[in-house]
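Architecture and fold: a report
For reference, the chains in residue letters:
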Amino acid sequence: MKKNEMSKEIEYEFEKIKSKVDPKLLYNPKFMSLFIKACSYVNQFTMSDRQKHKVSISEDGKKIIITDEGKNELYGLDKDTVISTMISLDGEYITEENSLGILCKETDRKNSDLDLSLITSYENKVYDENGIQITYGSFSDKFPFSSRTFSGNIKGQVLTNLHRPTFGIGMMGPQLPRFYENAEAKFVYRSPQNLGVAYLVEKEEIKQSDSLGKIRSSVCAVHTEYPEELQVLSSEPIAVFDNGKYKPTGKYAGMSIDAVAEIYKENFIAGIESSKTKQYDPEMYDRLINVVSQSNQKSK
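Reference entry: report on the structure contained in this document. (Residues numbered from 1 in each chain as written. Predicted model: local features only at pLDDT ≥ 70, side-chain atom pairs only at ≥ 80, totals over all residues. Heavy atoms only, no water.)

Below, the discussion takes up the overall build of the protein chain. Helix and strand counts for the protein chain stand at 7 helices and 11 strands. Scored against the burial criterion, the 300 residues of the protein chain give a buried share of 46%. Carbon and sulfur atoms make up 48% of the accessible area of the protein chain, which totals about 16,000 Å². (Helix = DSSP H or I, 4+ residues; strand = E, 2+ residues; numbered from the N terminus. Buried < 20%, exposed > 50% of the residue type's maximum accessible area, 1.4 Å probe, protein only. Areas by Shrake-Rupley, 256 points an atom, 1.4 Å probe, with all protein chains shown as cover.)

For the rest of this paragraph, the subject is the pairing of strand β11 (residues 245-248). Burial along β11 is one-sided: the face carrying Tyr246 and Pro248 is buried and the face carrying Lys245 and Lys247 is not. The antiparallel pairing of strand β10 (residues 239-242) with β11 creates a hairpin that spans 2 residues between the two strands, and Asn243 there sits at a positive phi of about 50°. (Pairing = 2+ DSSP bridges.)

Our focus in this paragraph is the packing of helix α1 (residues 8-17) against helix α3 (residues 31-42). Each pair of packed helices gets described by two things: the angle between the helix axes and the distance between those axes. Axis separation between α1 and α3 bottoms out at 10 Å; the angle between their running directions is 125°. In terms of axis orientation, α1 runs oblique to α3. Both α1 and α3 take part in a crossing whose hand is right-handed. For the pair α1 and α3, the contacting residues are Ile10, Glu13, Phe14 and Ile17 in the first and Phe31, Met32, Phe35, Ile36, Cys39 and Ser40 in the second. Residue composition of the contact of α1 with α3, grouped by class: 8 nonpolar, 1 polar and 1 charged. (Axes fitted to C-alpha atoms, helices over the stretch in contact; angles between N-to-C directions. Parallel < 35°, antiparallel > 145°, perpendicular 65-115°, else oblique. Left-handed = near helix turned anticlockwise from the far one by under 90°. Contact = heavy atoms within 4.5 Å. Nonpolar A, V, L, I, M, F, W, Y, C, P; charged D, E, K, R; others polar.)

A few words on unusual backbone geometry. In this structure, Asn243 takes a positive phi of about 50° despite not being glycine. Here Asn243 falls in the exposed class, since its relative accessible area comes to 70%.

It is worth spelling out helix α5 (residues 257-273) at this point. Given 3.6 residues to a turn, an α-helix orients residues that are three or four positions apart in the same direction. Spanning 17 residues, α5 covers 25 Å between terminal C-alpha atoms, matching the ideal 24 Å at 1.5 Å per step. Buried within α5 we find Ile257, Val260, Ala261, Tyr264, Lys265, Phe268, Ile269, Gly271 and Ile272. (Expected span 1.5 Å × (residues − 1).)

The next thing to look at is the environment of Gln193. If you trace the backbone, Gln193 turns up in the loop between β7 (182-191) and β8 (194-206). A sequence separation of 72 residues divides Gln193 from Lys265, and the C-alpha atoms of the two residues are 9.0 Å apart. For Gln193, the side chain forms a polar contact with the side chain of Ser191, separated by 2.7 Å. (Polar contact = N/O pair within 3.5 Å; in protein donor to acceptor, adjacent residues only side chain to side chain.)

Before going further, it helps to examine the environment of Tyr122. You can see Tyr122 is positioned in strand β5 (residues 116-127). Distance in space between the C-alpha atoms of Tyr122 and Leu100 is 6.4 Å, their sequence separation being 22 residues. With residues up to four places along the chain from it excluded, the contact list for Tyr122 reads Asn98, Ser99, Gly137, Ser138, Phe139, Val158, His163, Arg164, Pro165 and Phe167. Here the side chain of Tyr122 touches His163 through a polar contact of 3.5 Å, landing on its backbone oxygen.

Pairing geometry for strand β9 (residues 215-221) and β10, over 2 bridges, is antiparallel. Note that in β10 the partner of Val219 across the bridge is Ala239. For β10 and β11, the ladder comprises 4 bridges, and the chain directions are antiparallel. Across the sheet, Val240 pairs through a bridge with Lys247, a residue of β11.

The next point concerns α3. The end-to-end C-alpha separation of α3 is 17 Å, in line with the 16 Å expected for 12 residues at 1.5 Å each. When you tally the buried positions in α3, you get 10 out of 12 residues, the bulk of the element. Among the residues of α3, Phe31, Met32, Ser33, Leu34, Phe35, Ile36, Ala38, Cys39, Tyr41 and Val42 are the ones counted as buried.

So, on to the pattern of salt bridges. If you walk through the whole model with that rule in mind, you get 12 salt bridges. When the shortest N-O distance is used, the salt bridge between Lys18 and Glu15 registers 3.3 Å. Relative accessible area serves as the criterion here: at 36%, Glu15 is assigned to the partly exposed category. Here Glu97 makes a salt bridge to Arg164, at a shortest N to O gap of 2.8 Å. Of this pair, Glu97 sits in strand β4 (residues 93-105) while Arg164 sits in the loop between α4 (154-158) and β7, and the two are 67 residues apart along the sequence. Its relative accessible area of 6% is what places Glu97 among the buried residues. For Arg164, a relative accessible area of 22% puts it in the partly exposed group. (Salt bridge = Lys/Arg side-chain N within 4 Å of Asp/Glu carboxyl O.)

This is the structure we're talking about:
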């Protein structure tokens, strides 16, 4: 998404912060589309008693936070909602993290003392210096509250480590927040050395349970319609984690995971040539080709 596709309101917000943004963040090929999407994300709900979304930037220019809060009419007027996007710079990488929290009244609980629930949803995406996505993480939960113990500061609950997990770069999945009840977490990672293969981990995180939640780990092919985005074909994994190692499945059963990964590396390169990215974003296409060419040279 280009600057000329901004609404007048978003363009006004951008002009206010442009001079304060760290150049590495500002000139990352993905930054502008992330900023436009972030402003649209926080305005996705129709809310009453809302505060106009607030755009703030850190003193070093490496972090932009766009936040809105109010009563979410989509879920009923009693649903206090906070919604936020943070765009940040970490070395050469930029991160987009979306946070959503909705406070709901419960009417069907047996324990009438626990009459509130905080529904939370977090999404984290990391892009390299070329604007190519290398990780995806998500975490969602529904946490029960007593109205006597809830402070009323929903922003403080949703946007701190009380309920917000910490996402990492590389193979590190989300680190658990201080409070959670029965959460679901997902993490996907791919290496610049092979953009066509991604490692997917899905987990259940159950509080106050003696048993471990379910953990599923697999290797998946990356969709090549928009190859710069990390969209995985998870319904048909090319390998599953079993007895301490990844074992290829289907027609590749019995082969080594390294050999299968090389096949999908070549498939990915072919997919770039027929992608919509090549048609609609030739600059990103050139960057993708450059990255896969460099990875091929290093592997020789």
